[in-house]
Amino acid sequence: MIENLAIFGATGDVTKRYIFPALTRLHDEGCLDGHFSIVGVGRRDWTSAQFQEHISEMLGTHRPQLPTGSREKFLPLLEYARVEDLSQVDSLGRVFANKSGSWLIYLGLPPQLYPSIVKALSHLALPAGTRIIIEKPFGLDYAQSKELNRLLHRKFSEDDVYRIDHFLGIPTVFNILGLRFDCQLFEPIWNRCHIKKVEVIWDETLALEGRADYYDRAGALKDMIQNHLLQMLVLLAIEPLESIWSPEFRDNKVKVLRSVRKLSKAEIQAHTTRATYQSGRILGKPVSAYAMESGVVPERKTETFAQVSMWVDNERWQGVPFILRSGKALKKERKEILIHFKNPRRKGRRLPSKRGHNILHFNLDTDEMNLELLNIEGGAGMRRKPTRMDAQLSSQNLPPYARLFLEAMSGNSTLFIRNDEVEEMWNIVQPIADSWGNNLVPLQTYRAGSLGPSLEGQTPKPHHLKEAQVIDV
C-alpha cells in the first residue's frame, strides 16, 4: 500500500474542487492512517502551516459538510514543499527526501508542463512501488501523447502509470456497465437493430472561471470530447464481459476505439460543430465574452462548445451515430446519456409515430435512470401514450476521485487509461482538431446563458415527456 502522496498543482482548480475533498472522504473511511503523508507542491513561498490553513479554508467551500473534528484530524497529514522550477532535479528531489516508503505522485498541472517534470523525475531514485497519476488531457495532440508515453516509460513501467479520467469513477457509469453486462432485458437489444442513435451530453452553466492558462490551449474538443465523452462512448459500445474487473476489459475498450471511424474532411464539415460564447447573462449574472476573459488569446479561436457525431464501424454498431456534445456558459446544466430506440417494425416497415420513440436516459449528475416508453392506452382510438419509469440507481459510497485514488493506491489500474488506449483516442480526435485549426469548420458564436449555437436541426433537445404517466421503480 502507498504510504506517501505528492500533489503537484496543490493549489490548482481541480485539486481544490475534487482532490482534497476526495482525500478527506478516504480519511473519513479509514483509508489513510495517521502515518500517511500528503505533500503539496507549489511555487508559493508557504510554510506547511500556511498550506494547512489554505486547505482548511478551501474545504470550507468545497466540502462544507465535513465535520470540524474530521478536518482537524486530516490537516496534520499535510506538508508543503516549494518548487519554483519543476524541471530542476535537485529541487524536485527535496520533495521526496526524508520520507520512507513508496509514493503516489499526482500531476494536476497544465499538460504543457508534463514533459519537463517527467524528465526530471526520471533522474530521481524513487522508492520501489512508486506510482504516478496523470490528469487529463494526456498531451494536447497525438504527437505529444506519444512522446509523453515514451518519457514516462523511461522511469515507470506501464503498470505504475495511472492516466486518470474521473468519469470512470462516476457511480452511474458502474450502473451502465451493470446494465450492459448483466441485464437480460437490455443486452439483447443493445445493438444497431434496435438503437437509432446515442447522445452523450455535458452542458455547463460554468464559464471560464479563471482557467485560461489551461483551457485556452485545449478548448471543448480536447478538454471534454477527447477524453471524458469518448470514454462514455467506449463503455456504451463495448462488447459484454463477465465483469468490469475482467482482465480483458481494457483490451476490449481498445478494440472499440480502433473501430471508431476516422472522419474524412467532408464528414468533419458535415458532422461537427464548434462555437464560442459571447457576452450574456447566466442565472441573472452578467458574463463577459470568452474572447474578453483574462488570459485568453482571441487569435487562437478556442471553442467553448463542441459537438461531434461519431460512428463505431463494427457488426454491433454499424450506422448508429454517437453524438458527443459539451459546452460552457449555457442556460442549463445537462449531464446525461440518451439511448434512442427505433420504433418497432410491422410487416418490414417502421411504425410512424408523432409522439416520438422510446428513450433510455441516464443522468450523470444525479445517478438517476429514466425509461420513457410509448404505451397503448385503452379506450376509443387505442392511442399511444407516453409513460416514464424513474429509478434511483444504487450509488457507491465514494465519489469519483476518491474511488479512483483508492484504486491507484491499491495498485488496481482497471479504471485508468492504458498507453495504447490514449493514443487511439487521439487518433480519432486529431483529424478533427487539425481541421478546426485550419478553419475547415467555421467558429460559430452563441450568447452566454443561451441553449448554444444553431445546429441546423442537430441540437440534442431535452426529452421531457409532456403529460407522461410517471412510475417509480
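Located above this text is the structure these notes cover.
All residue numbers refer to position in the chain's written sequence, counted from 1. For this predicted model, a pLDDT threshold of at least 70 governs which residues receive local features, and a threshold of 80 or more governs which side-chain atom pairs are given and counted, while totals over whole chains, interfaces and linings are taken from all residues. The basis for the side-chain values is all heavy atoms of the structure; hydrogens and waters are excluded.

**Points about empty space enclosed by the protein**
Quick note on the threshold: The way it works is a 1 Å grid over only the protein atoms, where trapped points that fit a 1.4 Å probe form a cavity and open points with protein on both sides within 12 Å along at least five of seven lines form a pocket, and then any residue with an atom within 4 Å of a point lines it. Grid points are joined across faces, edges and corners, and a volume is the space filled by probe spheres set on the points. Each helix is a run of H or I in the DSSP string that is no shorter than four residues. Each strand is a run of E no shorter than two, and both are numbered from the N terminus.
Evaluated as defined, the whole model comprises 2 cavities of 30 Å³ or more. Taken together, 13 residues line the largest cavity, and the ones lying closest to its centre are Lys136, Phe138, Asn227, Ile417 and Val422. Among the elements of the structure, helix H8 (212–237) and helix H12 (419–437) are those that each provide at least two residues to the lining of the largest cavity. Among the elements that take part in the lining of the largest cavity, H12 stands out by supplying 3 residues, more than any other.

**Topic: the pattern of salt bridges**
Put simply, the test is: Here, a salt bridge means any Lys or Arg side-chain nitrogen found within 4 Å of an Asp or Glu carboxyl oxygen.
Tallied over the entire structure, the rule returns 25 salt bridges. Here Asp28 and Arg63 are joined by a salt bridge, their closest N and O atoms 2.8 Å apart. Taken as a pair, Asp28 in helix H1 (residues 13–28) and Arg63 in the loop between helix H2 (48–62) and helix H3 (68–74) lie far apart in primary sequence, 35 residues in all.

**Here we look at the packing of aromatic side chains**
Our working definition: Each pair of aromatic rings taken from Phe, Tyr and Trp, with Trp reduced to its six-membered ring, is defined by centres within 6.5 Å and is described as stacked if the planes are under 30 degrees apart, edge-to-face if over 60, and tilted in the remaining cases. Only protein chains enter the area calculation, which uses a 1.4 Å probe; residues under 20% of their type maximum are buried, those over 50% are exposed, and those in between are partly exposed.
Throughout the structure, instances matching the rule amount to 17 aromatic pairs. Here Phe186 and Trp190 contribute two aromatic rings whose centre-to-centre distance is 6.4 Å and whose plane-to-plane angle is 85°, an arrangement assigned as edge-to-face. For the pair shown, Phe186 and Trp190 are each scored as buried. By way of ring pairs, the aromatic residues Tyr215, Tyr277, Tyr290, Phe305 and Tyr446 are connected into one cluster.

**As for the packing of helix H5 (residues 114–121) against helix H6 (residues 142–152)**
This is how the line gets drawn: The axes used here are C-alpha line fits, helices contributing only the stretch in contact, and every angle between their N-to-C directions lies in the interval 0 to 180 degrees. When an angle is under 35 degrees it counts as roughly parallel; over 145 it counts as roughly antiparallel; between 65 and 115 it counts as roughly perpendicular; any other value is oblique. Put simply, a crossing is left-handed when the front helix is turned counterclockwise from the back one by less than a right angle, and right-handed when it is turned clockwise. The contact definition used throughout considers only heavy atoms, calling two residues in contact when any of these lie within 4.5 Å. In this count, Pro and Cys sit with the nonpolar residues alongside Ala, Val, Leu, Ile, Met, Phe, Trp and Tyr, while Asp, Glu, Lys and Arg are called charged and the others, Gly among them, polar.
At a minimum axis distance of 9 Å, the contact between H5 and H6 shows a crossing angle of 15°. As far as their axial angle goes, H6 and H5 are roughly parallel. Every pair of crossing elements has a handedness; the one defined by H5 and H6 is left-handed. Across the interface between the two elements, Tyr114, Pro115, Val118 and Lys119 of H5 pack against Leu148, Leu151 and Leu152 of H6. Split by residue class, the contact of H5 with H6 holds 6 nonpolar, no polar and 1 charged.

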